Amino acid sequence: MSRVVRALLVGLLALGASGCPGDGALLGVCGDGTVDVLEECDDGNVDDGDGCSAACELEGGGGGMDNLTWIQDNVFTPTCATPCHFPGGPGPMPLTSEQVSYDNLVNVDSIQVALKRVLPFDSENSYLVHKIEGRPTIVGARMPRGGAMLPQEQIDAIIAWIDRGAPR
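What you are looking at is a predicted structure, and each value in this text was computed from that prediction instead of being measured. (Residues numbered from 1 in each chain as written. Predicted model: local features only at pLDDT ≥ 70, side-chain atom pairs only at ≥ 80, totals over all residues. Heavy atoms only, no water.)

Participant: Help me out: how do you make sense of the overall build of the chain in this one?
Facilitator: Assigned secondary structure in the chain consists of five helices and zero strands. Secondary structure elements of the chain occur, N-terminal to C-terminal, as α-α-α-α-α. Across the 168 residues in the chain, those meeting the buried criterion constitute 36%. The long-range share in the chain, meaning contacts at least 24 apart out of those at least 6 apart in sequence, stands at 39%. Just so you have it, the chain exposes about 8,700 Å², and 59% of that area is on carbon and sulfur atoms. (Helix = DSSP H or I, 4+ residues; strand = E, 2+ residues; numbered from the N terminus. Buried < 20%, exposed > 50% of the residue type's maximum accessible area, 1.4 Å probe, protein only. Contact = heavy atoms within 4.5 Å. Areas by Shrake-Rupley, 256 points an atom, 1.4 Å probe, with all protein chains shown as cover.)

Printed below as a string of structure tokens:
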């Protein structure tokens with residue numbers, strides 16, 4: 001969201017909240033761990049340099065490999081969606097487009113273990129990372145199943161995307 005649009009929304013919401021109990025509650029609080037209407041991210045702190053700025057705006061990345069467009073085009077579509085993760089395929093969820101992959105991965109509980117498939121800002125506790133790295137904590141086979149391990153640059157891109165908040 002552009003800074004101009006954000007400023008306009010802040011002003012409008014502040015005017016609408018004036019005089020009401022809980023004045024300003026619609027604006028939310030940056031750093032509370034909840035992504036509110038005017039925030040691009042909220043990782044539960046107000047530290048810069050960790051992927052989500054002190055102003056709750058995404059930091060860095062976006063133009064390199066650590067974004068969903070690159071990951072979809074270079075990993076999910078050719079390596080995951082084609083052989084397994086398509087509607088009706090052997091993979092438990094389709095990964096056929098950016099939106100479908102996002103909807104099936106981000107903040108979605110794994111059906112195999114008590115972890116989210118992708119937990120924004122926390123690649124260490126994202127089951128997708130466990131599966132592609134073949135960690136001992138996984139159920140079943142490492143992904144991609146039956147194929148070579150993903151190149152480290154692709155694993156690193158997925159980890160960086162998650163640690164930046166797994167933005168759409």
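Participant: Even after reading the chapter, I still don't get the nonpolar core, so can you show me in this structure?
Facilitator: One recurring pattern in soluble globular proteins: nonpolar side chains tend to sit buried together. Counting 22 residues, the largest nonpolar core has I71, V75, F76, V118, I158 and W161 as the members making the most contacts within it. At the level of elements, α2 (68–81), α4 (127–133) and α5 (152–163) are the ones that each hand at least two residues to this core. Discounting residues that sit within four places of it in the chain, V118 has contacts with L105, V106, N107, S126, L128, W161, I162 and A166. (Core = buried A, V, L, I, M, F, W, Y, C linked by side-chain atoms within 4.5 Å.)

Participant: For this particular structure, what's the right way to read the pattern of salt bridges?
Facilitator: Any two side chains of opposite charge can pair if their charged atoms end up close together. Inspection of the entire model under this criterion finds five salt bridges. We note a salt bridge from D66 to R164, for which the minimum N-O separation is 3.1 Å. Taken as a pair, D66 in the loop between α1 (3–17) and α2 and R164 in the segment after α5 lie far apart in primary sequence, 98 residues in all. Take D66: its relative accessible area is 14%, and that puts it in the buried class. Judged by its relative accessible area of 9%, R164 is buried. Of the charged contacts, one joins D109 and K116 as a salt bridge, the two residues approaching to 2.8 Å between their closest N and O atoms. Linked through salt bridges whose partners overlap, the residues forming this network are E124, E133 and R135. (Salt bridge = Lys/Arg side-chain N within 4 Å of Asp/Glu carboxyl O.)

Participant: When you look at the state of the cysteines in this model, what are you seeing that I'm missing?
Facilitator: In a disulfide, the sulfur atoms of two cysteines are covalently bonded to one another. Per the stated rule, a full pass over the model turns up one disulfide. In this model C80 remains outside any disulfide bridge; the closest cysteine sulfur is found in C84, 8.4 Å from its own. (Disulfide = S-S within 2.5 Å.)

Participant: Just checking my understanding: could you explain the packing of α2 against α5 for this structure?
Facilitator: Each packed pair of helices is defined by two parameters, the angle between the axes and the distance between the axes. One can describe the packing of α2 onto α5 by two numbers: an axis separation of 10 Å at closest approach and a directional angle of 150 degrees. By the criterion of interaxial angle, the relationship of α2 to α5 is roughly antiparallel. When the axes of α2 and α5 are compared, the crossing they make is left-handed. Contact with α2, carried on its side by L68, W70, I71, N74 and V75, involves Q154, A157, I158 and W161 of α5 and no other residues of that element. Each residue belonging to the contact of α2 with α5 can be placed in one class, and the counts come to seven nonpolar, two polar and no charged. (Axes fitted to C-alpha atoms, helices over the stretch in contact; angles between N-to-C directions. Parallel < 35°, antiparallel > 145°, perpendicular 65-115°, else oblique. Left-handed = near helix turned anticlockwise from the far one by under 90°. Nonpolar A, V, L, I, M, F, W, Y, C, P; charged D, E, K, R; others polar.)

Note that every value here comes from positions in space, so none of it alone points to a role or purpose.
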